[in-house]
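Residue strings, one per chain:
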Amino acid sequence: MQPTDTNRVTELELIIDLHKNSERQGPGSKNDTLKALEILNLPTNQKLKVADIGCGSGGQTITLAEKLNGEIIAVDLFPEFLNELNEKSQKLGLSDKIVTLEKSMEDLPFDKSEFDLIWSEGAIYNIGFENGLKKWNDYLKVGGYLAVSEITWITNSRPKEIENFWKAEYPEIDIASNKIKQLEDNGYTLIGYFYLNQESWLKNYYEPMKVRFETFLSRNGNSELARKVVDENQYEIDLYQKFKDYYSYGFYLARKN
Ligand code: SAH
């Protein structure tokens, strides 16, 4: 995006611009994706049909394509990220395994029981965890697999400052046992759970983002709105540094009943 009149650039466009040309658009890592795959222990004797929902520029999609036998439909709302994924998959010779689809995760054009596996890292919050679990259940075969990561409290209590921040950002934030209950209430059986370590937040997400702040600001004319976007992200990073012992992304691995 090369805006000539920065006043007409919306905050959403700026957020996309800040997250472009990065490995990931949320906390995570190749190791976490591999660990989730290991826990799932997927069948290897058949081709799997996979959806990667809220794939972003496809950090995890590439890992899935390298590891899995089958086809991955990688869905995101924003073509900027899907274009990056298409470029990467072409370069790596994986484009026959990855098909990108520009659609909202709220309203997917999938058939009932179409998929063996639904994957979604750091994205289901966009439509709410429980809503997503319900909606996506239909697209899975019976016995099909679900792998979702979701922001989760890792202790049973926490300082008010961080509780208030995340409750305002995402009211559904909760402890893992409540998230697991939601899975169980909505037709899934838990296979496993782990939460991401601090490196997956800092080294893979926040630190590369901080490096992009300067070029992002100059590319966007150092506008007030661009500075607001940076300030808000910096505030989130500062809170993470201060309260990182209280929350993470939980990775939930389950099967459809
Ligand atoms: N899975 C990637 C991206 C996570 S960020 C990673 O872990 O790096 C969340 C992603 O969800 C972004 O790429 C964003 O564009 C996408 N997104 C947000 N709202 C969406 C919606 N309604 N439908 C589909 N994708 C959406």
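See the structure printed just above.
Residues numbered from 1 in each chain as written. Predicted model: local features only at pLDDT ≥ 70, side-chain atom pairs only at ≥ 80, totals over all residues. Heavy atoms only, no water.

**Focus: the packing of aromatic side chains**
So, point 1. Within this structure, the stated rule accounts for 20 aromatic pairs.
So, point 2. Here the aromatic rings of Trp201 and Tyr206 are separated by 5.9 Å at their centres, their planes lie at 50°, and the arrangement is tilted.
So, point 3. Under the relative-accessibility criterion, Tyr206 is labelled buried at 1%.
So, point 4. A network of ring pairs unites the aromatic residues Trp153, Phe165, Trp166, Trp201, Tyr205, Tyr206, Tyr235, Tyr240, Tyr247 and Tyr249 as a single cluster.
So, point 5. Here the guanidinium or amino end of Lys49 rests over the ring plane of Phe115, the centre of that ring lying 5.4 Å away. (Phe/Tyr/Trp six-rings, centres within 6.5 Å; stacked < 30°, edge-to-face > 60°. Buried < 20%, exposed > 50% of the residue type's maximum accessible area, 1.4 Å probe, protein only. Lys NZ or Arg CZ within 6 Å of the ring centre and 35° of its normal.)

**A short note on helix α4 (residues 79-91)**
So, point 1. Here α4 contains 13 residues, and its C-alpha end-to-end distance of 18 Å stays within 8% of the 18 Å for a straight helix at 1.5 Å per residue.
So, point 2. Summarising the contacts, the buried residues of α4 are in contact with α1 (11-19), α3 (59-67), β2 (70-76) and β3 (98-102).
So, point 3. Among the residues trailing α4, Gly93 stands out with phi positive, at a value near 70°. (Helix = DSSP H or I, 4+ residues; strand = E, 2+ residues; numbered from the N terminus. Expected span 1.5 Å × (residues − 1). Contact = heavy atoms within 4.5 Å.)

**Some thoughts on the site of the ligand**
So, point 1. The ligand sits among 18 residues. The nearest are Gln25, Gly54, Asp76, Met105 and Glu121.
So, point 2. Separating a nitrogen atom of the ligand from a side-chain N or O atom of Gln60 is a distance of 3.1 Å.
So, point 3. Note that a nitrogen atom of the ligand is positioned 3.3 Å from one of the backbone N or O atoms of Leu77.
So, point 4. Relative to its unbound accessible area of 570 Å², the ligand is 92% covered by the protein chains.
So, point 5. Judged by the proximity of its atoms to the pocket grid, the ligand belongs to the largest pocket.
So, point 6. For the shell around the ligand, the residue count by class is 6 nonpolar, 8 polar and 4 charged. (Near = heavy atom within 4 Å. Polar contact = N/O pair within 3.5 Å; in protein donor to acceptor, adjacent residues only side chain to side chain. Areas by Shrake-Rupley, 256 points an atom, 1.4 Å probe, with all protein chains shown as cover. 1 Å grid on protein atoms, 1.4 Å probe; cavity = no way out; pocket = protein on both sides within 12 Å on 5 of 7 lines; lining within 4 Å. Sits in = over half its atoms within 2 Å of the grid points. Nonpolar A, V, L, I, M, F, W, Y, C, P; charged D, E, K, R; others polar.)

**Let's talk about the environment of Gly56**
So, point 1. Along the chain, Gly56 falls in the loop between β1 (48-53) and α3.
So, point 2. In this structure Gly56 comes out as buried when scored by relative accessible area, which is 4%.
So, point 3. The spatial distance from the C-alpha of Gly56 to the C-alpha of Phe251 is 17 Å, given a sequence separation of 195 residues.
So, point 4. Sequence-distant contacts of Gly56, defined by excluding residues within four places in its chain, comprise Gln25, Asp76, Phe81, Leu82 and Leu85.

**Considering the pattern of salt bridges**
So, point 1. Taken as a whole and judged by the stated rule, the model has 14 salt bridges.
So, point 2. As a salt-bridge pair, Lys228 and Glu11 come within 3.0 Å of each other at their nearest N and O atoms. You can see Lys228 sitting in helix α9 (residues 224-243) and its partner Glu11 sitting in helix α1, a full 217 residues away along the chain.
So, point 3. You can call Glu11 partly exposed: its relative accessible area is 25%. (Salt bridge = Lys/Arg side-chain N within 4 Å of Asp/Glu carboxyl O.)

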